[in-house]
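Residue-level structure breakdown
One-letter residues, chain by chain:
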Number of protein chains: 2
Amino acid sequence: MIAIKRLASSDSDFYARLDALLAFEAAQDQSVDDCVAAILADVKARGDAAVVEYTRRFDGLGVASMSQLELSQDELQRALAGLPAEQRAALTRAAERVRRYHERQPLQGWQYEDPEDGMRGTMLGQKVTPLDRVGLYVPGGKASYPSSVLMNAIPAHVAGVGELIMVVPTPAGEHNPLVLAAAALAGVNRVFTIGGAQAVAALAYGTETVPQVDKIVGPGNAYVAAAKRRVFGIVGIDMVAGPSEILVICDGHTDPDWVAMDLFSQAEHDELAQSILVSPDAVFIDRVAAAIDRLLPTMPRREVIRAALENRGALILVRDLAEACEIANRIAPEHLELSLADADEWLGRIRHAGAIFIGRHASESLGDYCAGPNHVLPTSGSARFSSPLGVYDFQKRSSLIRISPAGARTLGRIAATLAYGEGLPAHARSAEYRLAED
Amino acid sequence: MIAIKRLASSDSDFYARLDALLAFEAAQDQSVDDCVAAILADVKARGDAAVVEYTRRFDGLGVASMSQLELSQDELQRALAGLPAEQRAALTRAAERVRRYHERQPLQGWQYEDPEDGMRGTMLGQKVTPLDRVGLYVPGGKASYPSSVLMNAIPAHVAGVGELIMVVPTPAGEHNPLVLAAAALAGVNRVFTIGGAQAVAALAYGTETVPQVDKIVGPGNAYVAAAKRRVFGIVGIDMVAGPSEILVICDGHTDPDWVAMDLFSQAEHDELAQSILVSPDAVFIDRVAAAIDRLLPTMPRREVIRAALENRGALILVRDLAEACEIANRIAPEHLELSLADADEWLGRIRHAGAIFIGRHASESLGDYCAGPNHVLPTSGSARFSSPLGVYDFQKRSSLIRISPAGARTLGRIAATLAYGEGLPAHARSAEYRLAED
């Protein structure tokens, strides 16, 4: 029997227990941070030499120079060609589907002639440009996922990013052929087998060999996260991701085994992953609990799943589906399954979620790999204020402001009044110069 | 004579000198950071009591409770009504223009039926939702700008943010009526007269009185910046802004006084502000230098302007306008003036800039107040990867994934293959359950 928490929204202390269940603040470990600060400063100062040194030390690689830490496009293509046919076909199909969904995302620029009185000839707008160069961090070891390479690299490629540089540590020299094959499919331009804070530093500051990038994306361990946090501002970064979560809202009519397995699929990531079921049907919750107990022993990663479910999982009984939606908004889950007969009708009530899976057949696992939308999603409630990774993360906007002589006369008076009010007389005079008739 | 640097792109060490001129990395002062960490922890633990205590200590206010630190909507409206008529009209007109520009920015959701073979009944898309609650930090003292209140609050309001909470410190109890009037015009819902790391903490964690927000925007000093950096992840934040910059590209045919004053308007912000002129016309550069010398003594803020121009300003001679555009892309300036006869034609060459002012009459000062686009722009070269503040910063996306039984069969095989390849069998089985015919 697995000891997964049972909550009911009718409990007097329900919201306190729910908040305790959700509480997760990534510890910002001072010793990690100090170590990262030293590595960043060293790579900034010494470039390649420092990166090679840290890679020898941390990854146990007997390399003498950065040139030994770059993979060629040939090696990527060979990895792709060398995959078993079924894997190669699946990866290729997934890449195509992800690309097609993301091709609907690019932002478009716009401009318009200012229609107000006294503004004739004035044009305002927004210009959209891709980033020049992006760095993609791919973890080594157990969390090295080819699907993540696709999900991070394809949106950048669709955005029109000029150059995509991937870094992936290869501790003890071990390469993951699926990861390299994904890099080939996703259009990665260069791959360096480096990792940790030293790889983040190389991308952020540039070295003799590694070109400086404009933004760094991709998941990593505590050192990578701390390094990204520190270089934020010098380069752009994506969200620092927390543990993964799923929230399943079920009306009680989905096969309990399906729901149990969906909860497992989140829990198998790591011991901190969070899997929660919300249902108004108490009998159904018992059936899912029974399915969990029955299926768990059959799972290869049962120890991880058990730990995650016991630490952070929950089965929550609610009054009705409206309340389930309210709780979903409070949790703002990374993944939300609406395992409901009339899922589309409940969709309108959902304000905060990274990805919403609609209907009993929409399992998170399909979205993780090949439905098309991105699997890099806001975690730990950050769907309250952020979005899935997308093409828009690799584009940026510039405001366009063309002002005619007439427009300058109209605006100049307003600007000068406000500038004097703010104690900024040079702003005011700059505006006043443009008041004169031609 | 003001000692502003002169560079020429033909100098052998030009790019090294340019990089040195641009170098600016916000010091992350350890003592500031430690102090901020302690304040955040304290406010998180003790709520209102801690905020009141810090406000008494740092702002010298003799208050006993948080209720004395909230301003009513009445007080905001009185501040607006009490402004001199010309200021009130200018502020109102600016707010209208900013609102109208931003009304063109909201993101729209979309969805589509998956057209691929074997996917009938599958729908993919993106849902767009506003943030529930946003915090707006407004500095007290000399950098307290009503225009910034408009520029931060109006996009949030246009996005449909549910509640907008402003914090503004009032050291020694001094209120800025223009700031309060701007809050009234921009639709701010609640105003607390608190500041510093304690205000950031109150917004990020919530207290008994201050509601927890989903995102914090707005400029602040080193303590505010450090606090925002630390709470990033718990709430969203906007960019941590560096000193302001302007780059003017001029063909040599704009009135040198106009260009000098535009450089001043940036330099008057503070000693670290950066003003750079790039021109292919050496004689014109000399005329601007002469205008600077002649006009500087007439400026009330001449000491700040002189320090900024001598520290970080430059007049750069280039071979031609094409090279000027290349240099602009390398600098990725916050503000770029194309003070050119055929400015529209050069626009296509500009990839990186926060706001682009097109034509001789488009001075930055007009954009700062009332052209319409936002004046919160990426600084210190971050226009390489980020955008002006906009409505889109107060909206977020959720992926929509509705999968039909047919779609689940098509996708399930791909997903299962990849999941087994990644060593995630629960993912695979969750997909495989959905392979069965109905």
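Residues numbered from 1 in each chain as written. Chains lettered and ligands numbered in written order. Predicted model: local features only at pLDDT ≥ 70, side-chain atom pairs only at ≥ 80, totals over all residues. Heavy atoms only, no water.

1. A look at the overall build of chain A
A count of helical and extended segments in chain A gives 17 helices and 15 strands. When its C-alpha atoms are laid out on the principal axes, chain A stretches across 85 × 60 × 45 Å. Per-residue burial for chain A yields a buried fraction of 63% across its 438 residues. Long-range contacts, defined here as pairs at least 24 residues apart, represent 74% of the contacts in chain A between residues at least 6 apart. Total accessible area on chain A is roughly 15200 Å²; 50% of this is exposed by carbon and sulfur atoms. If you average the places of the 42 positive and of the 55 negative side-chain charges in chain A, the two averages end up 4 Å apart. (Helix = DSSP H or I, 4+ residues; strand = E, 2+ residues; numbered from the N terminus. Buried < 20%, exposed > 50% of the residue type's maximum accessible area, 1.4 Å probe, protein only. Contact = heavy atoms within 4.5 Å. Areas by Shrake-Rupley, 256 points an atom, 1.4 Å probe, with all protein chains shown as cover. Lys, Arg positive; Asp, Glu negative; His and termini not counted. Charge placed at Lys NZ, Arg CZ, Asp CG, Glu CD.)

2. Examining the sheet that holds strand β5 (residues 133–137) of chain B
Through backbone hydrogen bonds, the strands of a sheet pair up, either in parallel or in antiparallel fashion. Residue and element names in this part refer to chain B. Pairing in this open sheet of six strands is mixed, and the strands run β2-β7-β6-β5-β8-β9 from one edge to the other. The sheet is open, and its two edges are formed by β2 (70–71) and β9 (236–237), each paired on a single side. For β5 and strand β8 (residues 215–217), the ladder comprises three bridges, and the chain directions are parallel. Across the sheet, glycine 135 pairs through a bridge with isoleucine 216, a residue of β8. In this fold helix α9 (residues 222–231) packs onto β5, β8 and β9, with an angle of close to 155° to the strand it touches most, β8. (Pairing = 2+ DSSP bridges. Axes fitted to C-alpha atoms, helices over the stretch in contact; angles between N-to-C directions.)

3. Regarding the interface of chain B and chain A
Accessible area lost when the parts come together is the quantity often used to give the size of an interface. The interface of chain B with chain A comprises 126 residues on the first partner and 126 residues on the second. Remark: the boundary between chain B and chain A carries 16 salt bridges. Linking aspartate 214 of chain B and arginine 384 of chain A is a salt bridge whose minimum nitrogen-to-oxygen distance equals 2.4 Å. The tally of links from chain B across to chain A stands at 76 residue pairs in polar contact (both at pLDDT 80 or more). Sort the elements by how many residues they give to the side of chain B that touches chain A and helix α16 (residues 405–421) of chain B lands first, with 11 residues. In terms of residue class, the side of chain B that touches chain A is made up of 61 nonpolar, 33 polar and 32 charged. The pairing of strand β14 (residues 355–358) of chain A with strand β15 (residues 395–402) of chain B spans four bridges and is classified as parallel. (Salt bridge = Lys/Arg side-chain N within 4 Å of Asp/Glu carboxyl O. Polar contact = N/O pair within 3.5 Å; in protein donor to acceptor, adjacent residues only side chain to side chain. Nonpolar A, V, L, I, M, F, W, Y, C, P; charged D, E, K, R; others polar.)

4. Points about the pairing of strand β14 (residues 355–358) of chain B
Residue and element names in this part refer to chain B. Here β14 shows a buried face lined by Ala355 and Phe357 and a second buried face lined by Ile356 and Ile358. In terms of strand pairing, strand β13 (residues 335–339) meets β14 through four bridges, oriented parallel. Each residue of the ladder has a partner; that of leucine 336, found in β14, is isoleucine 356.

5. What to know about α9 of chain B
Residues and elements named next belong to chain B. The element α9 is largely enclosed, with a buried count of seven among its 10 residues. Taken together, the buried positions of α9 are occupied by Val224, Ala225, Ala226, Ala227, Lys228, Arg229 and Val231. The positive-phi residue at the C-terminal boundary of α9 is glycine 233, with phi of around 115°.

6. Some points on the relation of the copies chain B and chain A
When chain B is fitted to chain A, the best match, at an RMSD of 0.0 Å, comes from turning it 180° and sliding it 0.0 Å along the axis. Taken together, the rotation angle and the small translation identify this as a two-fold axis. Measuring from the rotation axis to each C-alpha of chain B, the shortest distance belongs to arginine 229 of chain B, at 4.1 Å. Here 100% of the interface residues in chain B have copies in chain A that are interface residues too; the copies meet face to matching face. (Least-squares fit on C-alpha atoms with pLDDT ≥ 70 in both.)

7. Considerations on the UniProt feature "binding site: substrate" (unreviewed entry) in chain A
UniProt marks Ser244, Gln266, His269, His335, Asp368, Glu422 and His427 of chain A with the feature "binding site: substrate" (unreviewed entry), using the numbering shown here. Taken along the chain, the residues just named run across 184 residues; in space they spread out, the farthest C-alpha pair reaching 55.4 Å. Residues contacting histidine 269 of chain A, with those up to four places away along its chain left out, are Tyr145, Ser244, Arg301 and Val304 of chain A together with Leu424 and His427 of chain B. Take aspartate 368 of chain A: it is sitting in helix α15 (residues 364–369). Leaving out residues up to four positions away in the same chain, aspartate 368 of chain A has contacts with Ser147, Met151, His335 and His375 of chain A together with His427 of chain B. (UniProt positions renumbered as here; feature names shortened; annotations may be inferred.)

8. Focus on the nonpolar core
Ranked by size, the top nonpolar core spans 74 residues in total, and within it Ile194, Ile216 and Val231 of chain A together with Ile194, Ile216 and Val231 of chain B carry the most contacts. Every residue in contact with isoleucine 194 of chain A, bar those within four places of it in the chain, is listed here: Val51, Thr55, Leu69, Val167, Val168, Pro169, Ala199 and Ala202 of chain A. Formed by 66 residues, the second largest nonpolar core is a distinct cluster that contains Ala362 and Leu389 of chain A together with Leu124 and Leu424 of chain B. (Core = buried A, V, L, I, M, F, W, Y, C linked by side-chain atoms within 4.5 Å.)

9. With respect to the UniProt feature "active site" (unreviewed entry) in chain A
All names here are of chain A. As annotated in UniProt, the feature "active site" (unreviewed entry) corresponds to Glu334 and His335 in the numbering used here. Structurally, glutamate 334 is set in the loop between α13 (321–331) and β13 (335–339). Dropping the residues within four chain positions of it, glutamate 334 is found in contact with Pro243, Ser244, Glu245, Gly354, Ala355, His375, Leu377, Pro378 and Thr379. Among the polar contacts listed, one links the side chain of glutamate 334 to the backbone nitrogen of glutamate 245, at a separation of 2.9 Å.

10. Quick word on unusual backbone geometry
Although it is not a glycine, alanine 332 of chain A sits at a positive phi angle of roughly 50°. Assignment of secondary structure puts alanine 332 of chain A in the loop between α13 and β13. Under the relative-accessibility criterion, alanine 332 of chain A is labelled buried at 0%. Positive phi, close to 50°, is recorded for serine 380 of chain B, a residue that is not glycine. Relative to the helices and strands, serine 380 of chain B resides in the loop between α15 (364–369) and β15. Accessibility expressed as a relative area gives 34% for serine 380 of chain B, which makes it partly exposed.

11. Considerations on the layout of surface pockets
A volume near 220 Å³ is recorded for the second largest pocket. For the second largest pocket, the lining is made up of 18 residues, of which Leu107, Gln108 and Arg397 of chain A together with Leu107 and Arg397 of chain B are closest to its centre. Grouping the amino acids of the lining of the second largest pocket by side-chain chemistry returns eight nonpolar, six polar and four charged. (1 Å grid on protein atoms, 1.4 Å probe; cavity = no way out; pocket = protein on both sides within 12 Å on 5 of 7 lines; lining within 4 Å. Points joined across faces, edges and corners; volume = space filled by probe spheres on them.)

12. Some details on the pairing of strand β15 (residues 395–402) of chain A
All names here are of chain A. The buried count for β15 comes to seven of eight residues, which makes it a mostly enclosed element. The pairing of strand β4 (residues 123–130) with β15 spans eight bridges and is antiparallel. For glycine 125, the partnering residue across the bridge sits in β15 and is leucine 400.

13. A word on the domain arrangement of chain A
All names here are of chain A. According to the domain assignment, chain A contains domain 1 (5–24 + 242–371), domain 2 (30–110 + 130–237) and domain 3 (403–432). The C-alpha centroid of domain 2 is placed 32 Å from the C-alpha centroid of domain 1. With six residues of domain 1 at the contact, the number on the domain 2 side is six residues. For the pair domain 1 and domain 2, the two sides together bury roughly 510 Å², of which 47% comes from carbon and sulfur. When residues of domain 1 are sorted by the area they lose upon contact with domain 2, Tyr369, Cys370 and Ala371 head the list and together hold 62% of the total. Our count for the contact surface shared by domain 1 and domain 2 stands at two residue pairs in polar contact (both at pLDDT 80 or more). (Domains from an automatic or database assignment. Buried area = accessible area lost by both parts, 1.4 Å probe.)

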